[in-house]
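One-letter residues, chain by chain:
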Protein chains: 2
Amino acid sequence: MLYLIGLGLGDPSDITVKGLEMVRSCEHVYLESYTSIMTSTSLSDMESFFQKKLIIADRDLVEQGADQILEHAKTGNAAFLVIGDPFGATTHTDLVLRARELSIPTQIVHNASILNAVGATGLQLYSFGETVSIPFWTDTWKPDSFFDKICQNKARGLHTLCLLDIKVKEPNLDAMMRGKVVFEPPRFMTVAQAVNQLLQIINAQTTDDCPVTNGDVCLGVARVGSPTQHIVACPIDQMVNQDLGPPLHSLVIPGKLHPLESDYIAEFIPRNTVENKTEAVVL
Amino acid sequence: MLYLIGLGLGDPSDITVKGLEMVRSCEHVYLESYTSIMTSTSLSDMESFFQKKLIIADRDLVEQGADQILEHAKTGNAAFLVIGDPFGATTHTDLVLRARELSIPTQIVHNASILNAVGATGLQLYSFGETVSIPFWTDTWKPDSFFDKICQNKARGLHTLCLLDIKVKEPNLDAMMRGKVVFEPPRFMTVAQAVNQLLQIINAQTTDDCPVTNGDVCLGVARVGSPTQHIVACPIDQMVNQDLGPPLHSLVIPGKLHPLESDYIAEFIPRNTVENKTEAVVL
C-alpha cells in the first residue's frame, strides 16, 4: 500500500489522527521536500512526533527514483508525506498514476493547503479565481504572464492567490561548468520580492485601463496555519517595504471586496500605515 | 478562547492531532451542522471519538444565538467544529469578527475541504477557476447565473468546481401558514439532479458557440476523502443517469485537460460506458 498523506501547514501535530496512524504503520516513510517546507518545525521534531525515521524525498528521488518508493509500497506499507495536501503538485499525481500501473493500491489522506487556508485572510474562498505562481526573475528572464491572469480575475471581481517561487537544491551553474555538483542554498520568495516584480510590470503598462494599480490593497501572508502566522494588508506600493519574516510567503490580490471581507482585513493593516497614511488604504 | 476547528471530510479521525487536543480541552463544543455533513460517521461516533458531548449548532443558533457560544468562549474554552475547513462559509468569518469585537482570542485549525480535496479527481488545483454553487430549482425559481461562470472558466481553459445545494432545517411552508413550525427532511442535491438542471440550461442556449455542450466530459464526485469516495467521469448527458450514492456530491466541469489529467480521470469512466459508448468519451 502507498499512502499519500497531507501534513497540513504548521507543525507535526497538524497531521490528522488517521494520517498519524498510517505513518506509524509504515516501514518506509518519505517526506516530500521540494515543493514546500514545514514552517514551524525541524526534521528531528517531526521524526520524534511521528516516531519514524523520515527519508527526505527531493525532486530527483521522486521523479527519477520513484521506483524505490513504489518497490517499498509493493512489498509492504510506504508513506509519502506531503506538506499541505497531497494533490498540491503535479508530480504527486504522477506518483499515483505510476502506482496504479503497477497495481499498487493507494490511499490519500487530505489536509489543509494554502489553497484553502488562505481563507485566514477573511477573503471568501468562493471568490478566488485562478491561482497563479510568481517565479524568481533573473537578469534575462522576466516572465509576466501571471499578471494577465491577475488582471482577468480582478476584472471579474475575483481574488487571486499568488504562490511564490521556491528554489530548493538548485545546482550552482559555475560549479557545474567546472564539472562539480554544488547546490545553492534554498531560496523562498518573500512578499516584498514578489511585489517588487509586480510593481515593475504595473509601471510598464502603457494603457490607462489596467485593472490593477500601485495603490490597490493587497495582502501579504506568511506561515499560514502556524503559530507565527502573519498577515499584512496595505497598498501594493507599500507592501514592497513590509518584512513578513521567515518563509513561506504568499501574496493575495483582492478583487471586489464584500463589506464583511473589508471588515475582516482591516485588522491586518499595519499600525504605522493606519497612523500615517490612512488615506492610502481604501478598502 | 474560541477555537474554530476544521474536521476534514471523512470520519472523526480526519481531525488533526492538534485539533483533537483542543477539543478535549474545551468545556463547550459546538458542531456546525447546516453547511455540510460528515459523510461516514454518526453524532454518537463523533462524541465517542472526541470524548466530548457535542452541541448541534444549526443556522439559527449560529446567526442569532452566537452570544451563547461567545459567552462560553469569554469565560472558558469553547470549540466550534466545522466540517471541512473553518473558513468555508461566510457565517464563520462573521463569528470570528464578533469574537474580535468582544476581545475574545480565537485560534483556527485548518483542515481539508472540498476546495482542495477535489484534487482527488487528478485535476490540477491551480487550473480551477471560480467555484460556483448550484441551487435547487423550484417550479418558479430557476436561477442560472452559475452557468455563465462555468462558461467563463471553460473559455479560459479552467476547471469549475460546482458545489451542490444543501437544505437543512428548512421550514415547511404549509405548516408555517397554519402557524406551526415543522421542518422538512434534509435534502442534498445529487450529481444527477445538478446535471439535470445543467442540461436544461445547455439545451436552452440559442447560440452555437457556447463553450459547454451536452457531450463534454464532466466528473461527479461523492463523499470525497471518505472510505466510500466515488468518482465518475462521463459526458454531461450521461451523468444524469449516474447514481453516486449517499451525499455529499459535487460536480466538476473540466476546462482544458492536460495529458496527465486525462490519464488520471480515465480510471473514473464507468465500465459500461467504456464497453458500449467509448466513442462518446473523448478526453
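Residues numbered from 1 in each chain as written. Chains lettered and ligands numbered in written order. Predicted model: local features only at pLDDT ≥ 70, side-chain atom pairs only at ≥ 80, totals over all residues.

Colleague: A description of unusual backbone geometry should follow, citing residues and the corresponding values.
Modeller: Cis rather than trans, the peptide bond between Pro247(A) and Leu248(A) has omega equal to -5°. Mapped onto the fold, Leu248(A) is located in the loop between helix 10 (236-239) and strand 12 (249-253). For Gln51(A), which is not a glycine, the phi torsion comes out positive at approximately 55°. Even without being a glycine, Ser103(B) presents a positive backbone phi close to 55°. With respect to the element layout, Ser103(B) can be found in the loop between helix 5 (90-101) and strand 5 (106-109). Judged by the 7 C-beta atoms lying within 10 Å of it, Ser103(B) is exposed. (Helix = DSSP H or I, 4+ residues; strand = E, 2+ residues; numbered from the N terminus. Buried ≥ 20, exposed ≤ 12 C-beta atoms within 10 Å, placed from the backbone.)

Colleague: Describe the interface of chain A and chain B, naming the residues involved and giving the relevant values.
Modeller: Residue-level contacts link 43 residues of chain A with 43 residues of chain B. Going through the elements one at a time, helix 1 (17-24), helix 5 (90-101), helix 6 (114-117) and helix 11 (259-266) of chain A are the ones with two or more residues in the side of chain A that touches chain B. If one sorts the elements of the side of chain A that touches chain B by residue count, helix 5 of chain A sits on top with five residues. Residues of the side of chain A that touches chain B, tallied by class, amount to 16 nonpolar, 18 polar and nine charged. (Contact = placed C-beta atoms within 7 Å. Nonpolar A, V, L, I, M, F, W, Y, C, P; charged D, E, K, R; others polar.)

Colleague: Quick one: what's the story with the relation of the copies chain A and chain B, residue by residue and with numbers?
Modeller: Overlaying chain A with chain B gives an RMSD of 0.0 Å, the required rotation being 180° about an axis along which the chain moves by 0.0 Å. Here the two chains are linked by the operation of a two-fold rotation axis. Considering only C-alpha atoms, the part of chain A nearest the rotation axis is Thr16(A), at 1.9 Å. The fraction of interface residues of chain A whose copies in chain B are also interface residues reaches 100%, indicating that both copies meet through the same surface. (Least-squares fit on C-alpha atoms with pLDDT ≥ 70 in both.)

Colleague: Talk me through the sheet that holds strand 6 (residues 132-134) of chain B; I want residue IDs and the actual numbers.
Modeller: All names here are of chain B. Read from one edge to the other, the open sheet built from five strands follows the order 6-7-12-10-11, with strand pairing classed as mixed. Each edge of the open sheet is held by one strand with a lone partner, namely strand 6 and strand 11 (230-235). Between one strand axis and the next, the sheet turns through 25° on average, direction left out of account. Both strand 10 (residues 217-222) and strand 12 (residues 249-253) contribute to a ladder of four bridges, which runs antiparallel. Across the sheet, residue Leu-219 finds its bridge partner in strand 12, namely Val-252. (Pairing = 2+ DSSP bridges. Axes fitted to C-alpha atoms, helices over the stretch in contact; angles between N-to-C directions.)

Colleague: Provide a residue-level description of the sheet that holds strand 2 (residues 28-32) of chain A, including the pertinent values.
Modeller: Residues and elements named next belong to chain A. Taken together, the five strands give an open sheet; going across it, the order is 3-2-4-1-5, and neighbouring strands pair in parallel fashion. Bordering the open sheet on either side are strand 3 (55-57) and strand 5 (106-109), each of which pairs with just one other strand. Sheet twist, expressed as the mean angle between neighbouring strand axes with direction ignored, is 25°. As judged from the five bridges shared by strand 1 (residues 2-6) and strand 4 (residues 78-82), these two strands associate in the parallel manner. Residue pairing for strand 4: Ile-5 is matched across the bridge by Leu-81.

Colleague: Can you explain the pairing of strand 4 of chain A? Please cite residues and give values.
Modeller: Residues and elements named next belong to chain A. In terms of burial, strand 4 is a largely internal element, five of the five residues being buried. Burial along strand 4 is two-sided: the residues Ala-78, Phe-80 and Val-82 and Ala-79 and Leu-81 are all buried. Bridge analysis of strand 2 against strand 4 gives four bridges, and the strand direction is parallel. Paired with His-28 across the strands is Ala-78, a residue of strand 4.

Colleague: Report on the environment of Thr190(A), specifying residues and quantitative values.
Modeller: Positionally, Thr190(A) belongs in the loop between strand 9 (187-188) and helix 9 (191-203). Contact partners of Thr190(A), with chain neighbours within four places excluded, come to Leu244(A) and His249(A).

Colleague: Can you break down helix 5 of chain A residue by residue, with the values?
Modeller: Residue and element names in this part refer to chain A. With 12 residues, helix 5 extends 17 Å from end C-alpha to end C-alpha; this agrees with the ideal 16 Å at 1.5 Å per step. Within helix 5, the full set of buried residues consists of His-92, Thr-93, Leu-95, Val-96 and Ala-99. Take helix 5 and look down its axis: the buried residues cluster within an arc of 155°, on one side only. Of the residues one or two after helix 5, Ser-103 is the one with positive phi, at around 60°. (Expected span 1.5 Å × (residues − 1). Arc of directions from axis to C-beta.)

Functional significance is not addressed by these values, which are geometric in nature.
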